[in-house]
Amino acid sequence: MSDHATFSLADSIVYDDGVFRPYHDVRLGLLTHALHYGTGCFEGIRGYWLPEYDELALLHLREHYQRLAASARMLFMKLPHTVDELVEITKELCRRNKFRHGIYLRPFLFKSLEAIGVRLHDIPERFALVAVPFARYIDAEGGLRVGTSGWRRVEDTMMPARAKITGVYVNSALAKSEAILAGFDEAIMLSHDGHVAEGSAENLFVVKNGRVITPDPSQNILEGITRQSIMTLLTNELGIEVVERAVDRTELFHADELFFTGTAIGIEPIAEVDHRRIGNGTTPITTRLISLYHDAVHGKLPTYQSWLTPVYRENLKTPSSIEP
Ligand code: PMP
């Protein structure tokens, strides 16, 4: 059985190039194309441990693999498995690692040629899947302090922001480090024309006078899977229709509430932007969403159990196959 304390990355089982093997048995050449040119795509998927069910549940597994397939198309790549096969491979990987705690899954497809030459076509590809215990993404009690980045979000005519491409993450890394080194918890990136895009790895929501606004997909955002879930919860559970539109930077300063969403971060309130306190310090809508989302991803809301893929049983209503 694996838990946070005993987990060893080197000994963990990964899926690589069609086989399950220990992490330390993987061989990756120094000239690997993706390492030099950023020619890969990836996903970040969470698995939540459900103590009431003695079960590990993977959140929005299919949606993540569908997005990976779309990112791959952008790079003239094709996943070596169907989404159905990937779901089974992922469950099997978790079972082989005997995970009994929250995890973070990292599937990736990359150009594996070991030769010099920047291009996308006619290059062999390799798919791998690694899983690690999940650790809290950002540690900030009482809301995040964020700063607007001097780095603009990649523009669609330069790099595809809507695909999760490894090379594009230099943009996020520049913004994130700039923010942290300046004493903030996270960055907000503007797009080339000065509208708000998103955080380094999070989508952004604005609450103003009971309405909720988020930058629309043409603002060079990654269309987050959590963003979609939050829009669903807002509509179905709180009766609030989300408006997707361009958002000015100064609208953030006038917001009643601001929050980030993302697979790793979940939902996280933003307390300050560029040294300005947001709202009056109360966050009624964000607080309700955090609680709804927490319940949904932990299998406590029957309506949203379809978001979850259990690892050790067929569905949350059938018995577990974990040996006692
Ligand atoms: N934007 C970027 C740039 C990201 O890397 C992420 C994390 N995948 C998100 C937004 C949030 O997307 P999701 O909710 O699918 O994790």
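Residues numbered from 1 in each chain as written. Predicted model: local features only at pLDDT ≥ 70, side-chain atom pairs only at ≥ 80, totals over all residues. Heavy atoms only, no water.

## Overview of the environment of alanine 187
Thinking step 1. Among the structural elements, alanine 187 can be located in strand 9 (residues 186-190).
Thinking step 2. We classify alanine 187 as buried; its relative accessible area is 1%.
Thinking step 3. With 39 residues separating them along the chain, alanine 187 and threonine 148 place their C-alpha atoms 5.7 Å apart.
Thinking step 4. Ignoring any residue separated from it by four or fewer positions in sequence, one finds alanine 187 in contact with Gly147, Ser149, Ala175, Lys176, Ala179, Glu198, Gly199, Ser200 and Phe260. (Helix = DSSP H or I, 4+ residues; strand = E, 2+ residues; numbered from the N terminus. Buried < 20%, exposed > 50% of the residue type's maximum accessible area, 1.4 Å probe, protein only. Contact = heavy atoms within 4.5 Å.)

## Some words on the domain arrangement of the protein chain
Thinking step 1. According to the domain assignment, the protein chain contains domain 1 (9-135) and domain 2 (144-302).
Thinking step 2. Distance between the C-alpha centres of domain 1 and domain 2: 25 Å.
Thinking step 3. With 24 residues of domain 1 in contact, the opposing surface of domain 2 contributes 20 residues.
Thinking step 4. Of the roughly 1,800 Å² buried at the junction of domain 1 and domain 2 (both faces included), carbon and sulfur atoms supply 65%.
Thinking step 5. Counting the contacts that link domain 1 with domain 2 gives one salt bridge.
Thinking step 6. Notably, a salt bridge pairs glutamate 52 with lysine 300, separated by 3.5 Å at the nearest N-O pair.
Thinking step 7. Counting the contacts that link domain 1 with domain 2 gives nine residue pairs in polar contact (both at pLDDT 80 or more).
Thinking step 8. Contributing elements (two or more residues each) for the side of domain 1 that touches domain 2: strand 3 (40-42), strand 4 (45-50) and helix 2 (61-74).
Thinking step 9. Considered class by class, the residues forming the side of domain 1 that touches domain 2 number twelve nonpolar, seven polar and five charged. (Domains from an automatic or database assignment. Buried area = accessible area lost by both parts, 1.4 Å probe. Salt bridge = Lys/Arg side-chain N within 4 Å of Asp/Glu carboxyl O. Polar contact = N/O pair within 3.5 Å; in protein donor to acceptor, adjacent residues only side chain to side chain. Nonpolar A, V, L, I, M, F, W, Y, C, P; charged D, E, K, R; others polar.)

## Comments concerning the packing of aromatic side chains
Thinking step 1. Under the defined criterion, the tally for this structure stands at eight aromatic pairs.
Thinking step 2. Here tyrosine 15 and phenylalanine 20 contribute two aromatic rings whose centre-to-centre distance is 5.0 Å and whose plane-to-plane angle is 65 degrees, an arrangement assigned as edge-to-face.
Thinking step 3. Given a relative accessible area of 23%, phenylalanine 20 falls into the partly exposed group.
Thinking step 4. Through pairs of rings, three or more aromatic residues link up here, namely Tyr15, Phe20 and Phe127.
Thinking step 5. The ring of phenylalanine 134 has arginine 46 sitting right over it, with the charged end atom 3.6 Å from the ring centre. (Phe/Tyr/Trp six-rings, centres within 6.5 Å; stacked < 30°, edge-to-face > 60°. Lys NZ or Arg CZ within 6 Å of the ring centre and 35° of its normal.)

## What about the pairing of strand 14 (residues 257-262)?
Thinking step 1. Burial of strand 14 is extensive: six of the six residues sit out of reach of the surface.
Thinking step 2. The alternating pattern of strand 14 places Glu257, Phe259 and Thr261 and Leu258, Phe260 and Gly262 on opposite faces, both of which are buried.
Thinking step 3. Where strand 11 (residues 203-208) meets strand 14, five bridges bridge the pair, whose relative direction is antiparallel. Counterpart to phenylalanine 205 in the pairing with strand 14 is phenylalanine 259.
Thinking step 4. In this sheet, strand 15 (residues 266-273) lies alongside strand 14 in antiparallel orientation, the contact comprising four bridges. Across the sheet, the residue bridging to phenylalanine 259 is proline 269, located in strand 15.
Thinking step 5. Between strand 14 and strand 15, which pair antiparallel and follow one another directly, the connecting turn spans three residues. (Pairing = 2+ DSSP bridges.)

## Observations regarding the environment of aspartate 156
Thinking step 1. Mapped onto the secondary structure, aspartate 156 falls in the loop between strand 8 (144-148) and helix 4 (169-181).
Thinking step 2. Judged by relative accessible area, which is 44%, aspartate 156 ranks as partly exposed.
Thinking step 3. Excluding its chain neighbours within four sequence positions, the residues that come into contact with aspartate 156 are Arg162 and Asn220.

## Observations concerning the nonpolar core
Thinking step 1. Ranked by size, the top nonpolar core spans 34 residues in total, and within it Leu56, Tyr65, Leu105 and Phe127 carry the most contacts.
Thinking step 2. Listing elements by their share of this core, those giving two or more residues are strand 4, strand 5 (55-59), helix 2, helix 3 (83-97), strand 6 (103-111) and strand 7 (125-133).
Thinking step 3. By residue number, the principal contributor to this core is helix 3, which donates six residues.
Thinking step 4. When residues are assigned to domains, this core turns out to be shared by domain 1 (9-135) and domain 2 (144-302), each giving three or more. (Core = buried A, V, L, I, M, F, W, Y, C linked by side-chain atoms within 4.5 Å.)

## What about the packing of helix 2 against helix 3?
If you want to describe how two helices pack, look at the angle between their axes and the distance between the axes.
Thinking step 1. For the pair helix 2 and helix 3, the least separation of the axes is 10 Å and the interaxial angle reads 125 degrees. The angle between helix 2 and helix 3 falls in the class oblique. As helix 2 packs across helix 3, the resulting crossing turns out to be right-handed. Residue-level inspection shows Leu61, Arg62, Tyr65 and Gln66 of helix 2 in contact with helix 3, the latter providing Val83, Asp84, Leu86, Val87 and Thr90.
Thinking step 2. Here the residues of the contact of helix 2 with helix 3 sort into five nonpolar, two polar and two charged. (Axes fitted to C-alpha atoms, helices over the stretch in contact; angles between N-to-C directions. Parallel < 35°, antiparallel > 145°, perpendicular 65-115°, else oblique. Left-handed = near helix turned anticlockwise from the far one by under 90°.)

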